[in-house]
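Chain by chain, the residues:
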Amino acid sequence: MNHLTSNIRNRYLIPGMIMACLLPAALSSCGSKAGAEAAGMQAPVPELPVMTLDTTSALTVSDYSALLEGKVNVDIRPQVDGYLDKIFVDEGSYVKAGQPLFQVNEQPFREQLNRDIASLHAMESALNAAQLEVDKVKPLVDAKVMAEMQLKTALATLQTAKANVEQAKAAVAAARINVGFALVKAPVSGYIGRIPKRVGNLVGKTDAMPLTTLSDISEVYAYFSMSENDFMNFSKGASGATLQQQLKQLRPVTLILSNGETYNQKGRIEMVDGQFNKTTAAISLRATFPNPASLLRSGNTGKVRVEQLFNGVIEVPQAATLEMQDKVFVYQLGDSNKVQRRILQLAGRSQDNFIVREGVQRGDKIVTAGIETLMEGAVVKPAGSKDSVAPAAGK
């Protein structure tokens, strides 16, 4: 029984011991082979397009929301109080300077004028009487027939009469002005706006709403604002000793209408506000556009397109940049084809390119595509280069 048990144990135990000894050796051999294969391989180096930067000339285009106003916008208000008798024009009509617009009932002012004229005549009669008294008394005083005091009294009365006449003349002149004010005339040529009042309404100098608004739109003003940074870049491109000289040297601007169409007349920037708005940190500018066909009206909106030419600047394709946390950067190709991240300071945009103020310079090489997966210090192969193996560590 013991002999049989011993044979069975040896039959199964010896092969198991042999397998136990061979398995670690096999695993060790396989691990050594895989390690050897891994040691003989290197990570592929991405082949990406690279460009060398150079200076050039660039034209930037920027659009700014604008509000249009006529060259002259006048609120037409009555200078006297009274009932509106006549309206000589219609809303939207074109009028010339001096043309009658409204007639306020002038009868009260005409009667006041008549009273003032009558008062003037009375004062003139009193002046004549005072002059006659002086002429009568003076010879008698000179002959010692009358006392000198009587002449002085007559002269004083004469002076008072003269003052009364002057006062009466002023009252007549004021009454004539009021009669003239009853007829409201156009101060400038232009287009009539809305007329809220109708014949028979009581109108006055203190009314909240004007009788109408008169707009001279032979030229229109487009008011728009620039941020502080935009204005600094805008100012750098202007040449001239004074602001007016700089404005004359600027390129004409374009008006984009509210429907997206381009206005067929070019304009010029003629005014820059004297200070920035403290609330918005923006500055206002005014561009003037001719309006021969009267297409533009006060209250229109649109966009002013400002073009600016930069010479000797560096342009970087927008596709070669990444934006992160309000910063724009590129990957510059350095020594051993390793890329380094460079943050750019921009001066504007020109079509599909950024105009760079700081960050890169002439002769630098940047990666222009495939930058989304790049990391700082990564090695790339410039497209077209024959070197495809990454440099060995330590070299």
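This report concerns the structure included in the present document. Residues take numbers from 1 onward in each chain, read along the sequence in its written order. With the structure being a predicted model, the display of local features is reserved for residues of pLDDT at least 70 and the display and counting of side-chain atom pairs for 80 or more, all residues being used for whole-chain, interface and lining totals. Water and hydrogen atoms play no part in the side-chain values, which are based on all heavy atoms of the structure.

Section: the pairing of strand β6 (residues 100-104)
Burial here depends on accessible area, computed with a 1.4 Å probe over protein chains only, as a share of the maximum for the residue type. Under 20% is buried, over 50% is exposed, and the range in between is partly exposed. Only DSSP runs of H or I reaching four residues or more are called helices, and only runs of E reaching two or more are called strands; each is numbered from the N terminus. In terms of residue burial, β6 counts as a mostly covered element, since 4 of its 5 residues are buried. Paired strands are those between which DSSP finds at least two bridges. Sheet analysis places strand β4 (residues 82-87) next to β6, joined by 3 bridges and oriented antiparallel. Along β6, the bridge assignment pairs Ile87 with Phe102. Summarising the sheet, β6 and strand β7 (residues 183-185) pair through 3 bridges and their orientation is antiparallel. The residue of β7 that forms the bridge with Pro100 is Lys185.

Describing the side chain of Asp116
Inspection of the secondary structure assignment puts Asp116 in helix α2 (residues 107-142). No salt bridge is formed by the buried Asp116; the nearest opposite charge belongs to Arg115, separated by 6.0 Å. The contact criterion used throughout is that any non-hydrogen atoms of two residues lie within 4.5 Å. Leaving out residues up to four positions away in the same chain, Asp116 has contacts with Ala168, Ala171, Val172 and Ala175. Positive charges come from Lys and Arg, negative ones from Asp and Glu, while His and the chain ends are left out of the count. Salt bridges are defined by distance alone: a side-chain nitrogen of Lys or Arg within 4 Å of a carboxyl oxygen of Asp or Glu.

Things to note about the packing of α2 against helix α3 (residues 148-181)
One can describe the packing of α2 onto α3 by two numbers: an axis separation of 8 Å at closest approach and a directional angle of 165°. Comparing the axis directions of α2 and α3 gives the class roughly antiparallel. Handedness of the α2/α3 crossing: left-handed. Amino acid classes used here: Ala, Val, Leu, Ile, Met, Phe, Trp, Tyr, Cys and Pro are nonpolar; Asp, Glu, Lys and Arg are charged; the rest, including Gly, are polar. Residues belonging to the contact of α2 with α3 are distributed by class as follows: 22 nonpolar, 7 polar and 9 charged. Think of each axis as a best-fit line through the C-alpha atoms, taken over the contacting stretch in the case of a helix, with angles from 0 to 180 degrees between the N-to-C directions. Each angle gets one of four labels, with under 35 degrees taken as roughly parallel, over 145 as roughly antiparallel, 65 to 115 as roughly perpendicular, and the rest as oblique. Should the near helix be turned anticlockwise from the far one by less than a right angle, the crossing is left-handed, and should it be turned clockwise, the crossing is right-handed.

What to know about the packing of aromatic side chains
Working definition: rings of Phe, Tyr and Trp (its six-membered ring) pair if their centres are within 6.5 Å, and the pair is stacked with planes under 30 degrees apart, edge-to-face with planes over 60 apart, and tilted otherwise. In this structure the tally under the stated criterion is 6 aromatic pairs. When the ring centre of Tyr221 is taken as reference, the NZ or CZ atom of Arg286 above it lies at 4.1 Å. A positively charged side chain is recorded as over a ring if its NZ (Lys) or CZ (Arg) lies within 6 Å of the ring centre. The angle to the ring normal must also be within 35 degrees. Sitting over the face of the ring of Tyr191, Arg297 holds its NZ or CZ atom 4.4 Å from the ring centroid.

A word on the layout of surface pockets
Over the atoms, a rolling probe the size of a water molecule traces out where space has been left empty. Of the two site types, the cavity is a set of points on a 1 Å grid over the protein atoms alone where a 1.4 Å probe fits but cannot get out, and the pocket is an open set with protein on both sides within 12 Å along at least five of seven lines, each lined by residues with an atom within 4 Å of a point. Grid points are joined across faces, edges and corners, and a volume is the space filled by probe spheres set on the points. Estimates place the volume of the largest pocket at around 400 Å³. What lines the largest pocket is a set of 19 residues, and nearest its centre among them are Asn229, Asp230, Asn233, Ala347 and Gly348. Elements represented by at least two residues in the lining of the largest pocket include exactly β3 (55-76), α4 (228-236), β14 (301-317) and β17 (339-350). Ranked by residue count, the leading element in the lining of the largest pocket is β17, at 6 residues. Residue composition of the lining of the largest pocket, by class: 9 nonpolar, 7 polar and 3 charged.

Observations regarding the sheet that holds β4
Here we have 4 strands laid out as an open sheet, ordered β7-β6-β4-β9, and antiparallel in their pairing. Taken across any chain shown, the strands that pair with only one partner, and hence form the sheet edges, are β7 and β9 (202-203). Bridge count for β4 against β9 is 2 bridges, and the pairing is antiparallel. Counterpart to Gly82 in the pairing with β9 is Val203.

A short note on the nonpolar core
As used in this record, nonpolar core signifies buried Ala, Val, Leu, Ile, Met, Phe, Trp, Tyr and Cys residues forming a set joined through side-chain atoms within 4.5 Å. With 33 residues, the main nonpolar core has Val95, Leu101, Phe102 and Ile192 as its most contacted residues. Those elements giving two or more residues to this core turn out to be β6, α2 and α3. With 9 residues, the top contributor of residues to this core is α3. Apart from residues lying up to four places away in sequence, Phe102 is in contact with Ile76, Leu84, Lys86, Ile87, Phe88, Ala182, Leu183, Val184, Ile195, Leu211 and Thr212. Judged by nonpolar contacts, the second largest core, of 25 residues, contains Ile217, Val253, Leu255 and Val272.

Regarding unusual backbone geometry
Trans peptide bonds make up the majority, and among non-glycine residues the majority have a negative phi. Even without being glycine, Ser294 reaches a positive phi, approximately 55°. Mapped onto the fold, Ser294 is located in the loop between β13 (282-290) and β14. Here Ser294 falls in the buried class, since its relative accessible area comes to 18%. Even without being a glycine, Ser336 presents a positive backbone phi close to 60°.

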